[in-house]
Amino acid sequence: MDKTQKYNQLLRDLGFLLGEERDSVARMANAAALIQERMGFFWTGFYRVDGAELVLGPFQGSPACQRIGFGRGVCGTAWKEARTLVVPDVEAFPGHIACSALSRSEIVVPVIRNGAVTAVLDIDSTDLGTFDDTDALWLERLCEIV
Ligand code: SME
């Protein structure tokens, strides 16, 4: 199964799994678990907007940084710019925050509600150049339904 087919099934199944659940933490928790189970990334999780910072939300993987400032690191930059950031080599991203020395590439996708960023989805890989436009496209769709 190629990446597009995997994401296609993932989104379909996530829609059924989330159903009409209203609690955003429950939705993010199951989204992170399903992404991790199906795609096998190193770290998958959400950071939620909490005032002037992002705070760690539901995730799968190693323990991670709990708070990230607005405009800081890849997550804080994706929040500030309200757009997806694909980082093929984290060492080449100025200000990257290394929660794990094993992370080599990363994608961060904003969750946008009523025009405002409410959270970001952060996924890390231990390989360089793991993420591309296909990941961005599908993960943006996922962040619309989470
Ligand atoms: N690398 C992220 C921090 C979060 S961890 O990857 C889980 C960043 O630079 O924002």
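Residues numbered from 1 in each chain as written. Predicted model: local features only at pLDDT ≥ 70, side-chain atom pairs only at ≥ 80, totals over all residues. Heavy atoms only, no water.

Chemist: Hey, could you run me through the site of the ligand in this one?
Modeler: Around the ligand lies a shell of 13 residues, among which Val-74, Cys-75, Ile-97, Cys-99 and Asp-124 are the nearest. Within the backbone of Ile-97, an N or O atom sits 2.7 Å from a nitrogen atom of the ligand. In the environment of the ligand, an oxygen atom lies 2.7 Å from a nitrogen or oxygen atom belonging to the side chain of Asp-124. Here the ligand loses 99% of its free accessible area of 310 Å² to cover by the protein chains. (Near = heavy atom within 4 Å. Polar contact = N/O pair within 3.5 Å; in protein donor to acceptor, adjacent residues only side chain to side chain. Areas by Shrake-Rupley, 256 points an atom, 1.4 Å probe, with all protein chains shown as cover.)

Chemist: Explain the pairing of strand 2 (residues 53-60) here, please?
Modeler: Consecutive residues of a regular strand have side chains that alternate between opposite faces of the sheet. Where strand 1 (residues 43-50) lies against strand 2, 6 bridges are found, and the strand directions are antiparallel. Across the sheet, the residue bridging to Thr-44 is Gln-60, located in strand 2. Taking the residues between adjacent antiparallel strands as the criterion, strand 1 and strand 2 are bridged by 2 residues, where Gly-51 takes a positive phi near 65 degrees. Across 3 bridges, strand 2 lies against strand 3 (residues 67-69) in antiparallel orientation. By the bridge assignment, Glu-53 is partnered in strand 3 with Gly-69. (Pairing = 2+ DSSP bridges. Helix = DSSP H or I, 4+ residues; strand = E, 2+ residues; numbered from the N terminus.)

Chemist: Which parts of the structure should I look at to understand the packing of helix 1 (residues 3-18) against helix 2 (residues 24-39)?
Modeler: Helices that pack against each other are described as a pair by the angle of their axes relative to one another and the distance between those axes. Where helix 1 contacts helix 2, the axes come no closer than 10 Å and their chain directions differ by 150 degrees. It follows that helix 1 is roughly antiparallel to helix 2 by the angle criterion. For helix 1 against helix 2, the interelement crossing comes out right-handed. Of the residues in helix 2, those touching helix 1 at Lys-3, Lys-6, Tyr-7, Gln-9, Leu-10, Asp-13, Leu-14, Leu-17 and Leu-18 are Arg-27, Asn-30, Ala-31, Leu-34, Ile-35, Arg-38 and Met-39. (Axes fitted to C-alpha atoms, helices over the stretch in contact; angles between N-to-C directions. Parallel < 35°, antiparallel > 145°, perpendicular 65-115°, else oblique. Left-handed = near helix turned anticlockwise from the far one by under 90°. Contact = heavy atoms within 4.5 Å.)

Chemist: Would you mind going over the environment of Ala-78 with me for this structure?
Modeler: Tracing the backbone shows Ala-78 in helix 3 (residues 73-81). When its relative accessible area of 0% is taken as the criterion, Ala-78 is described as buried. Once the C-alpha coordinates of Ala-78 and Val-55 are considered, the two residues, 23 residues apart in sequence, prove to be 14 Å apart. (Buried < 20%, exposed > 50% of the residue type's maximum accessible area, 1.4 Å probe, protein only.)

Chemist: Whenever I open this one, the layout of surface pockets confuses me. Can you help?
Modeler: Rolled over the atoms, a probe with the dimensions of a water molecule shows which regions are left empty. One number sums up the size of the largest pocket: a volume of about 160 Å³. Along its surface, the largest pocket is lined by Ser-24, Arg-27, Met-28, Arg-48, Val-49, Val-111, Arg-113, Thr-118, Ala-119 and Val-146. Sort the elements by how many residues they give to the lining of the largest pocket and helix 2 lands first, with 3 residues. Counted by class, the lining of the largest pocket contains 5 nonpolar, 2 polar and 3 charged residues. (1 Å grid on protein atoms, 1.4 Å probe; cavity = no way out; pocket = protein on both sides within 12 Å on 5 of 7 lines; lining within 4 Å. Points joined across faces, edges and corners; volume = space filled by probe spheres on them. Nonpolar A, V, L, I, M, F, W, Y, C, P; charged D, E, K, R; others polar.)

Chemist: How do you make sense of helix 4 (residues 133-145) when you look at a structure like this?
Modeler: In this model helix 4 runs 19 Å from its N-terminal to its C-terminal C-alpha over 13 residues, within 8% of the 18 Å that 1.5 Å per residue would give. Every buried residue of helix 4 is accounted for by Asp-135, Ala-136, Trp-138, Leu-139, Leu-142 and Cys-143. Check the buried side of helix 4 and you find it contacts helix 1, helix 2, strand 4 (85-87), strand 5 (105-113) and strand 6 (116-125). A side-chain oxygen of the first residue of helix 4 lies 2.9 Å from the backbone nitrogen of Thr-134; this N-cap is Asp-132. (Expected span 1.5 Å × (residues − 1).)

Chemist: Explanation requested: unusual backbone geometry in the structure shown.
Modeler: In terms of backbone geometry, most residues other than glycine have negative phi values and most peptide bonds are trans. The residue Ala-82 is not glycine, and still its phi comes out positive at about 50 degrees. On the secondary structure map, Ala-82 appears in the loop between helix 3 and strand 4. Of note in this structure, Asn-114 is not a glycine but carries a positive phi near 50 degrees. Its place among the elements puts Asn-114 in the loop between strand 5 and strand 6.

Keep in mind that these numbers describe shape and distance, not what the molecule does.
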